[in-house]
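Residue strings, one per chain:
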Amino acid sequence: MLSYDSSGLYQAGMLSTDQAPPSGDASIQRAVESLQGRFESGELGFVDTPDTEFEPIEAWAKERLNEQWEAQLVIGIGGSSLGARAVLHSALPSQRDGLDTYFADNLDPESVDRLFSFLDPETTLVVVITKSGTTIETMSQFWIARQWIAEEVGEKRADRHVVAITDPKEGELRKMVDKSGWYDFSIPPNVGGRFSVLTPVGLVPLALAGYPIGELLAGAQAVRDRHASAEAIAKAWGVAAAEHLALADEGVDELVMMTYSDRLRDLVDWFCQLWAESLGKAKNRAGELVHVGITPIKAVGVVDQHSQVQLYMEGPKNKHVSFLEVRNFDRDRIIPDSPPMPEALRHLQGKPLSQIFAAELQGTRGALMEAGRPTSSWIFERVTPRSVGAFLFSWQMITAVTGELLQINAFDQPGVELGKRIAHGLLGRSGHEEFAELARRRSPRPDAGAVQLL
Ligand code: PA5
């Protein structure tokens, strides 16, 4: 259906049912026009992020690579972390020949402690990324990192160990940047966290890791520019968005993204956040209760053929499985011809793993289609920075159009506020006492089903 072949990526037909795709639908046209209006007014900046000026970032990163640094510790969470992690893990070793990169997102004290015990503060650059500047998880870890460095190299030198990426004007981190000697980069105010991978949020850590960020942006630009008109946007991403919603209307409200490439595993995590946080909403723009959303689920082929596929084949008919398929792998191994394998497996001998992998994908997809389950495929001719960039931008567009079709705000996340307030209340923030009280009322009790383990 969609052809993104110059960037090495395309999406093959989605519906395996007899249903006609909802192309040409007037609601798609309206959604796309509304989105374009929001692009033109500057309200939504993600559409311009493929044009981010990457040369100054790359030049700055090259200077750092000529200094004493061996590692970077990237502190951020959600949209401030998942994009860089996904892109970096999709890279070949030769495409990440910069600093060793470690991501600190979860607050698990054991994981945090492991990182600080293992890394050397003398040779580690701390990259702190938070648009709001007030995210508990990020700022807590950053505070530990600052102290860790200052103790080793002294307060004065510690400044040159910190790179802060935040809003250009607003927020607590920006206030600190202005009083410090840290390196700093700005996140465009009109680009939200999960849409920010192609801004300094993703590009700075990637450049420090030695990743070719220009190529990543070029892939995103290629698909965006190829589908610049309202008609092209509608045909490419609008139809995909409408198909997801048509399936959801029929009760298929879970989207399994199943990657048959380990290099794309973290890209699925990036997608899951984008899709879940953008589209899972209680109210539409008119303030009516709608409780919409399509639950994203990560799966890995072939591993989950031995874990989840039984459920996808025979369980509730509520899943659409979207495959990430790679046509050409950069590395391969052949099963040796000798000694002979047992008769039942002999046909595998002499075959490359890529061929077996492809057959397993075709087997799973074919079986699901045979069982009447909807499937789609994102096909990477090769996993390259360009095809990854095209994938990132495509999903941002599909998500945005889906939000317009649902008439919700795909760019906020009001549902996470209450949990944050409760945590602040429990930790003693003034003005948050009622939230702490709420948590106490709601804490699980053994007689209400909580299980106390040893
Ligand atoms: O997509 C989003 O907006 C969120 O996932 C944020 O990126 C996440 O909550 C982190 O926010 P911040 O960058 O303000 O620390």
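For the structure, see preceding data.
What you see is a predicted model, and the numbers here were worked out from it, not measured in a lab. (Residues numbered from 1 in each chain as written. Predicted model: local features only at pLDDT ≥ 70, side-chain atom pairs only at ≥ 80, totals over all residues. Heavy atoms only, no water.)

Peer 1: Which residues make up the sheet that holds strand β5 (residues 162-166), and what values do they have?
Peer 2: Read across the sheet, 5 strands follow the order β3-β2-β4-β5-β6 without closing on themselves; strand pairing throughout is parallel. If you trace the sheet from one side to the other, it starts and ends with β3 (100-104) and β6 (183-186), each paired once. This sheet shows a mean twist of 20 degrees between the axes of neighbouring strands, independent of strand direction. Bridge analysis of strand β4 (residues 124-129) against β5 gives 4 bridges, and the strand direction is parallel. Bridging from a neighbouring strand, V128 pairs with A164 of β5. Together, β2 (71-75) and β3 form the strand contacts of helix α4 (residues 109-118), whose direction differs from that of β3 by roughly 150 degrees. (Pairing = 2+ DSSP bridges. Helix = DSSP H or I, 4+ residues; strand = E, 2+ residues; numbered from the N terminus. Axes fitted to C-alpha atoms, helices over the stretch in contact; angles between N-to-C directions. Contact = heavy atoms within 4.5 Å.)

Peer 1: Now, about the nonpolar core: what can you tell me, with residues and values included?
Peer 2: One broad rule of soluble globular proteins: the nonpolar side chains tend to lie buried together. The biggest cluster of nonpolar side chains holds 85 residues, and the ones touching the most others in it are V163, I165, L216, W270, F391, L392 and W395. Examining the composition of this core, we find that 11 residues originate from one element, helix α14 (residues 385-406), more than from any other. Two domains each donate at least three residues to this core, and these are domain 1 (2-36 + 218-406) and domain 2 (46-211). Of all hydrophobic cores here, the second largest spans 23 residues; its members include A71, I149, V153 and V177. (Core = buried A, V, L, I, M, F, W, Y, C linked by side-chain atoms within 4.5 Å. Buried < 20%, exposed > 50% of the residue type's maximum accessible area, 1.4 Å probe, protein only. Domains from an automatic or database assignment.)

Peer 1: So what about the packing of aromatic side chains? Which residues, and what values?
Peer 2: For the structure on display, the rule yields 22 aromatic pairs. Plain terms: the ring middles of F329 and F357 are 5.7 Å apart, the flat faces sit at 50 degrees to each other, and that makes the pair tilted. Remark: F357 occurs in helix α13 (residues 353-370) and F329 occurs in the loop between β11 (319-328) and α13; sequence separation between them is 28 residues. A relative accessible area of 28% places F329 in the partly exposed class. Aromatic pair W378 and F391: ring centres 5.4 Å apart, planes at 80 degrees, arrangement edge-to-face. Of the two residues, W378 is situated in strand β12 (residues 375-382) and F391 in helix α14; the sequence distance between them amounts to 13 residues. Judged on exposure class, the residue W378 and its partner F391 are both buried. Within the aromatic cluster, the residues linked to one another by ring pairs are F39, F46, F195, W237, F393 and F411. Above the plane of the ring of Y183 lies R160, whose end atom (NZ or CZ) is 4.0 Å from the centre. Between the NZ or CZ atom of R365 and the centre of the ring of F323, over which it lies, the distance is 5.7 Å. (Phe/Tyr/Trp six-rings, centres within 6.5 Å; stacked < 30°, edge-to-face > 60°. Lys NZ or Arg CZ within 6 Å of the ring centre and 35° of its normal.)

Peer 1: Explain the site of the ligand to me, and be specific about the residues and the numbers.
Peer 2: Taken together, 13 residues surround the ligand, and among them S80, T130, S132, T135 and Q273 come closest. Between the ligand and S132, the relevant distance is 2.7 Å, taken from an oxygen atom to a side-chain nitrogen or oxygen of the residue. Here E277 contributes a side-chain N or O atom positioned 2.9 Å from an oxygen atom of the ligand. Coverage of the ligand by the protein amounts to 86% of the 380 Å² it exposes when considered alone. (Near = heavy atom within 4 Å. Polar contact = N/O pair within 3.5 Å; in protein donor to acceptor, adjacent residues only side chain to side chain. Areas by Shrake-Rupley, 256 points an atom, 1.4 Å probe, with all protein chains shown as cover.)

Peer 1: Account for helix α15 (residues 417-426), with residues named and values stated.
Peer 2: Of the positions making up α15, those classed as buried are I422, H424 and G425. Along α15, the residues classed as buried sweep out an arc of 165 degrees about the axis, all on the same side. Taken together, the buried residues of α15 touch α5 (136-153) and α16 (433-442). With its phi angle positive at about 95 degrees, G428 sits one or two positions after the end of α15. (Arc of directions from axis to C-beta.)

Peer 1: Tell me about a negative patch on the surface, and please be specific about residues and values.
Peer 2: Together, E70, D100, D120, E151 and E152 line one region of the surface with negative charge. A residue is classified by how much of its surface remains accessible, and E70, at 52% relative accessible area, is exposed. (Patch = residues over 30% accessible without salt bridge, like charges linked within 9 Å, V, L, I, M, F, W, Y side chains within 5 Å. Salt bridge = Lys/Arg side-chain N within 4 Å of Asp/Glu carboxyl O. Lys, Arg positive; Asp, Glu negative; His and termini not counted. Charge placed at Lys NZ, Arg CZ, Asp CG, Glu CD.)

Peer 1: Tell me about the side chain of S80, and name the residues and values.
Peer 2: Assignment of secondary structure puts S80 in the loop between β2 and α3 (82-89). With near-sequence residues (within four places) excluded, S80 lies in contact with I129, T130, K131 and V201.

Peer 1: Now, about the pattern of salt bridges: what can you tell me, with residues and values included?
Peer 2: The full count for this structure, using the stated rule, is 26 salt bridges. R64 is the salt-bridge partner of E63, the closest N and O atoms lying 3.5 Å from each other. When the shortest N-O distance is used, the salt bridge between E343 and R346 registers 3.2 Å. A cluster of three or more residues bridged by salt bridges with shared partners is formed by R38, E43, R285 and E404.

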